[in-house]
Amino acid sequence: MNVDDHIYLWDHAAIKVLDVRHQVLRMGETLQSYKMPSNGFIFVSRGRAQVQLNQIEYIIQQFQVIHGSKGTILDIFLTEDELEYYLIFYKVTMPIPTSQEIVKLMARNPFLLQYSYIPNYPIFIYHKVKLMEQEWRKAGGINRFYVKSLFYQFVHNLLQQLHSQGIDLIKPDLVRQVMMYIQENYAQNLTLESIATHLNYSVPHLSSIFKKKTGYSVIDYVIQTRLDIAANLLVETDATLKEIAENVGYRDPYYLSRLFKKYKGVSPLRFRKQERKDAIHRPQNIIESSIVWRQIWRYIDSDNHYQYKGEEDIHMHRGSRTSFTAIALLCITLLLGACAGGTTNSNNEATGQNQPVAESQSSNSSETRVYKDSQGAEVEIPTNPERIVLQGNSIGDLLALGIEPVGVDRRFIESGVLEDNGKVSSTDIGFPTNLEKVLTLKPDLIMLSYVMDNEVEEASKIAPTVVFDGMQPLKDRLPIIADIVGKKEEGEQLLNKYNEDVDAMWEQLRADGKVAEGETAVVFQFYWNKAMYVMKTGGVADLLYQPKGFAMDEKVQALQPNSDPYIEITPEVLHETLIGDHLFVVLSADKEAQQAFEELKQEPLWSSLPAVKNNKVHFIEDKWNYDDMTTSNMLLEEFPNMLTK
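Note that the structure is predicted; figures quoted are calculated from it, not measured.

## A closer look at the overall build of the chain
Next up, step 1: A tally of helices and strands in the chain yields 27 helices and 22 strands.
Next up, step 2: Relative to its 645 residues, the chain shows a buried fraction of 51%.
Next up, step 3: A total of about 29800 Å² of accessible surface is found on the chain, and carbon and sulfur atoms cover 49% of it.

## Let's talk about unusual backbone geometry
Next up, step 1: With a phi close to 75 degrees, F63 is a non-glycine residue in the positive phi region.
Next up, step 2: The topology assignment puts F63 in the loop between strand 5 (56–60) and strand 6 (65–68).

## Structural notes on empty space enclosed by the protein
Next up, step 1: Here the structure, examined in full by the defined rule, presents one cavity of 30 Å³ or more.
Next up, step 2: One number sums up the size of the largest cavity: a volume of about 50 Å³.
Next up, step 3: Forming the walls of the largest cavity are N393, I395, G396, F412, G416, V417, L418, Y626, D628 and T631.
Next up, step 4: Looking at the lining of the largest cavity residue by residue, the class counts come to five nonpolar, four polar and one charged.

## Concerning the pairing of strand 18 (residues 521–526)
Each regular strand shows side chains that alternate between the opposite faces of the sheet.
Next up, step 1: Buried residues dominate strand 18, accounting for six of its six residues.
Next up, step 2: Alternating residues of strand 18 divide into A521, V523 and Q525 and V522, F524 and F526, and every residue in both groups is buried.
Next up, step 3: In this sheet, strand 21 (residues 582–587) lies alongside strand 18 in parallel orientation, the contact comprising six bridges. Across the sheet, residue A521 finds its bridge partner in strand 21, namely H582.
Next up, step 4: Pairing between strand 18 and strand 19 (residues 532–535): four bridges, direction antiparallel. Residue pairing for strand 19: Q525 is matched across the bridge by Y533.

## A closer look at the confidence of the model for the chain
Next up, step 1: Here the chain averages 78 in pLDDT, and 80% of its residues register 70 or above.
Next up, step 2: Predicted confidence in the chain is weakest over helix 13 (residues 346–351), with a mean pLDDT of 35, and strongest over strand 16 (residues 445–448), with 94.
Next up, step 3: Below pLDDT 50 for its whole length, residues 284–313 participates in 95 contacts with residues either more than four positions away or in separate chains.
Next up, step 4: Confidence drops under pLDDT 50 across residues 317–365; counting only partners more than four residues distant or on other chains, this segment forms 75 contacts.

## Comments concerning the pairing of strand 13 (residues 388–391)
Next up, step 1: Burial of the side chains of strand 13 extends over both faces: I388 and L390 are buried on one face and V389 and Q391 on the other.
Next up, step 2: One ladder, built from four bridges, connects strand 13 with strand 16; its direction is parallel. Note on strand 16: the bridge partner recorded for L390 is M447.

## Section: the environment of E404
Next up, step 1: Relative to the helices and strands, E404 resides in the loop between helix 15 (395–400) and strand 14 (407–408).
Next up, step 2: Spatially, the C-alpha atoms of E404 and R387 are 8.6 Å apart, while their sequence positions differ by 17 residues.
Next up, step 3: Of the polar contacts made by the side chain of E404, one reaches the side chain of S425; its length is 2.5 Å.

## Regarding the packing of helix 19 (residues 474–484) against helix 20 (residues 488–511)
Next up, step 1: As a packed pair, helix 19 and helix 20 sit with axes 7 Å apart at the nearest point and diverge in direction by 155 degrees. In terms of orientation, helix 19 lies roughly antiparallel with respect to helix 20. Like other packed secondary-structure pairs, helix 19 and helix 20 cross with a definite hand, here right-handed. Residue-level contacts link L474, K475, L478, P479, A482 and D483 of helix 19 to K488, G491, L494, L495 and Y498 of helix 20.

## Quick notes on the pattern of salt bridges
Next up, step 1: This model, assessed by the stated rule, comprises 18 salt bridges.
Next up, step 2: The salt bridge involving D397 is made with R477; its shortest N-O contact spans 2.7 Å. A residue pair is termed long-range when its members are at least 10 positions apart, and D397 in helix 15 and R477 in helix 19 qualify at 80 residues.
Next up, step 3: Its relative accessible area of 0% is what places D397 among the buried residues.
Next up, step 4: Judged by its relative accessible area of 2%, R477 is buried.
Next up, step 5: Between D627 and R477 there is a salt bridge, with the nearest N and O atoms lying 3.4 Å from each other. Highlighted residues: D627 in the loop between strand 22 (617–621) and helix 27 (629–644) and R477 in helix 19, separated in sequence by 150 residues.
Next up, step 6: Given the relative accessible area of 18%, D627 is considered buried.
Next up, step 7: When salt bridges with common partners are traced through the structure, they connect R26, R46, E82 and E84 into a single cluster.

## Considering the packing of aromatic side chains
Next up, step 1: Considering all chains together, one arrives at 23 aromatic pairs under this definition.
Next up, step 2: Centre to centre, the rings of F526 and F597 are 5.3 Å apart; their planes meet at 70 degrees, and the pair counts as edge-to-face. Here F526 is found in strand 18, whereas its partner F597 is found in helix 24 (residues 591–601), with 71 residues between them in sequence. Summarising the burial analysis for this pair, F526 and F597 share the class buried.
Next up, step 3: Between the aromatic rings of F597 and W606, the centroid separation amounts to 5.3 Å while the plane-to-plane angle is 80 degrees, which identifies the pairing as edge-to-face. Here the two residues F597 and W606 agree in accessibility, since each one is buried.
Next up, step 4: The structure contains a cluster of three or more aromatic residues connected by ring pairs, namely W10, F41, Y90, F111, F151 and F154.

## Observations regarding the environment of T368
Next up, step 1: Secondary-structure assignment places T368 in strand 11 (residues 368–372).
Next up, step 2: Residue classification places T368 among the partly exposed residues on the basis of a relative accessible area of 39%.
Next up, step 3: For T368 and E380, which are 12 residues apart along the polypeptide, the C-alpha to C-alpha distance reads 6.3 Å.
Next up, step 4: Engagement of the side chain of T368 in a polar contact is seen with the side chain of E380, the distance being 2.7 Å.

## Here's the deal with helix 27
Next up, step 1: Spanning 16 residues, helix 27 covers 24 Å between terminal C-alpha atoms, matching the ideal 22 Å at 1.5 Å per step.
Next up, step 2: Maximum bend of helix 27: about 45 degrees, positioned at E638, with proline P640 one to four residues after it.
Next up, step 3: Elements that come into contact with the buried residues of helix 27 comprise helix 15, helix 19, helix 20, helix 21 (540–544), strand 21 and strand 22.
Next up, step 4: The distance from a side-chain oxygen at the start of helix 27 to the backbone nitrogen of T630 is 3.2 Å, and the residue carrying that oxygen is D628.

## Topic: the packing of helix 20 against helix 27
Next up, step 1: Close contact between helix 20 and helix 27 brings their axes to 11 Å; oriented N to C, the two are set at 5 degrees. In terms of orientation, helix 20 lies roughly parallel with respect to helix 27. The residues of helix 27 that touch helix 20, namely those facing L494, Y498, D501, V502, M505, W506 and L509, are M629, S632, N633, L636, F639, P640 and L643.
Next up, step 2: Of the residues contributing to the contact of helix 20 with helix 27, the split by class is 11 nonpolar, two polar and one charged.

## Examining the side chain of E519
Next up, step 1: Structurally, E519 can be placed in the loop between helix 20 and strand 18.
Next up, step 2: Exposure remark for E519: the relative accessible area of 11% places this residue in the buried category.
Next up, step 3: Ignoring anything within four residues of it in the chain, the contact list for E519 reads K514, F550, A551, D581, H582 and K616.

Reading the values: the criteria
Each chain has its residues counted from 1, following the order in which its sequence is written. Predicted model: local features are reported for residues with pLDDT of at least 70 only, side-chain atom pairs are reported and counted for 80 or more only, and whole-chain, interface and lining totals are derived from all residues. The side-chain values count all of the structure's non-hydrogen atoms but skip hydrogen atoms and water molecules. By the criteria applied, helices consist of DSSP H or I runs no shorter than four residues and strands consist of E runs no shorter than two, each listed in order from the N terminus. Think of it in three bands: with a 1.4 Å probe and only protein chains considered, a residue is buried below 20% of the maximum accessible area for its type, exposed above 50%, and partly exposed in between. Surface accessibility follows the Shrake-Rupley procedure with a 1.4 Å probe radius. Residue values consider only the protein chains on display as shielding. Put simply, the grid is 1 Å and covers the protein atoms alone, a cavity is a trapped set of points that fit a 1.4 Å probe, a pocket is an open set with protein on both sides within 12 Å along at least five of seven lines, and lining residues have an atom within 4 Å of a point. Grid points are joined across faces, edges and corners, and a volume is the space filled by probe spheres set on the points. The residue classification treats Ala, Val, Leu, Ile, Met, Phe, Trp, Tyr, Cys and Pro as nonpolar and Asp, Glu, Lys and Arg as charged. All others, Gly included, are polar. Strand pairing is defined by DSSP finding a minimum of two bridges between the two strands. Each residue carries a pLDDT score, the predictor's confidence in it, ranging from 0 to 100. Any pair of residues with heavy atoms lying within 4.5 Å of one another is described as a contacting pair. Identification of polar contacts relies on pairs of N or O atoms within 3.5 Å, with a donor-acceptor requirement for protein atoms, meaning one able to donate a hydrogen and the other able to accept it, and with residues adjacent in sequence counted only if both atoms are side-chain atoms. In this analysis, axes come from line fits to C-alpha atoms, helices being fitted only over the stretch in contact, and the angle between any two N-to-C directions falls in the range 0 to 180 degrees. Throughout this description, any angle smaller than 35 degrees is read as roughly parallel, any larger than 145 degrees as roughly antiparallel, any in the 65 to 115 degree range as roughly perpendicular, and the remainder as oblique. The crossing is said to be left-handed when, going from far helix to near helix, the turn is anticlockwise and less than a right angle, and right-handed when the turn is clockwise. By definition, a salt bridge exists where a carboxyl oxygen of Asp or Glu is found within 4 Å of a side-chain nitrogen of Lys or Arg. Ring geometry is summarised as follows: Phe, Tyr and Trp rings, the Trp one being its six-membered ring, pair when their centres sit within 6.5 Å, and such pairs are stacked at plane angles under 30 degrees, edge-to-face over 60 and tilted between the two. Multiplying 1.5 Å by the residue count of a helix minus one yields the expected span of that helix. The angle separating two fitted axes, one through the seven residues that finish at a residue and one through the seven that start at it, defines the bend at that residue.

Rendered as structure tokens:
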């Protein structure tokens, strides 16, 4: 977000100050896992401390200003005897109707950005903040109006500093926020709607981004989290199934049992018996789990959360500080040591040293080169890696290059069509990435397309680790992946061959009279929760809108995405958005999605669409909606048949 754009939106927004609080944190106290109830500023008037906003660390001192968004998890740990600070919470809305320019800028929502700075003229800021808090406590209407005027002066100075100091604005990771919320509230009655409300996002936006970046639906992640915790309770305690069910958010133990067997492949009691038996032979009593990442500290009890009306104080916690980073590093260090202990050779025994990283390197990939990844890190990697672990949905790119990774997140295989192209035997590394499992695979290269927490740092302890942008389109992404694995020329040849085959397919379709010159098409994606999107890029859309393929109507071209490539729509605007001679519906094979779509088909708005009336609606399973090289080639073969169905 450009700072000038940020200033422009503040100028046009309607702001309401929700609360102003003065807090003092004393030695022995910490503020842990406090969830910000709205967007807000923290202003430090005295002392020093370490602050974490969604586990991004800041060392704060007197006169520091920090901004966080609604739902941000705030942790404060003292580094001096006391910390005195102010919390200023506000709500922002944009006027309706509003200009197209504001709509485009709000798609990136600058009010969710996270940043920290020390103003050049802090005394001015301090007096404004202190006066705000004093006036707020008076609670009169004229006082609240005065607070609002002071808040605008405060923001005006802040924006001046952002503009002059070049402050980094960090957009909160939505996936990270969702996962943290689920992992800390799994025992509650969670729904997609309740999670979206708590995090201040629309249901369709939250659902689509989470699915796109993780491969899970939000509810699937809730289930997996609950089952992983249930699995640990089964092995580590003698609690009854009923007690465990209640602890993880299910009232009916029989329902938990059915879910457990469906996802884990075995009944809960059999799982308990088998895991306890196997644990005897393990170097560490750790249950393998598809979701191994866990929040180190828990949220404060929901009853203690700060309330807008100010009836309750923000609760402090006494005790020593526990560093998330230190624990993470300690865990991975212990893990490396434990695993190395089981494979130490006689030389290691003689020296008393374990060398797990060295053992993970392939002897055939001794030649190395320096590669600069998407984060700007220069990494020494094998020239021709042989044991690759890949995190992300680019599995089909590696397969097309003749490489089968030793470890992948198999959800992207199971939800796509790659299995139809032959058995992929790669080991499942789960999501988030199970570094314990990765270590056992002895990779010589780890490729990360989506990074969480300290994942790069931790993975680099196992093998050379590079980061790339897995969200780039195929034409940009494949050359990067091919370069990383030492197959740059092969990548270029694959793309050239694919483009030639695409042109040949469209020419044949035109020659057969199946596609007329100038015909248009539109792609409509429908989810089980009735979320609807028009897609202009990615997957099926990339094939449709090839130069010799279908054209895109000008009105569809003008649609602005909320988050590329998804353009959220509602039933009321179907006629304004689903504009094309052909309508391609990307739909899940899931029964719930099919049933929800059947309900839509009964609506008069649907049946009156031109493409529906002209019988030019084509249904494509969403398993085809990936843009990796292997899936793209398979879709190329199947598409002529899809077009005639």
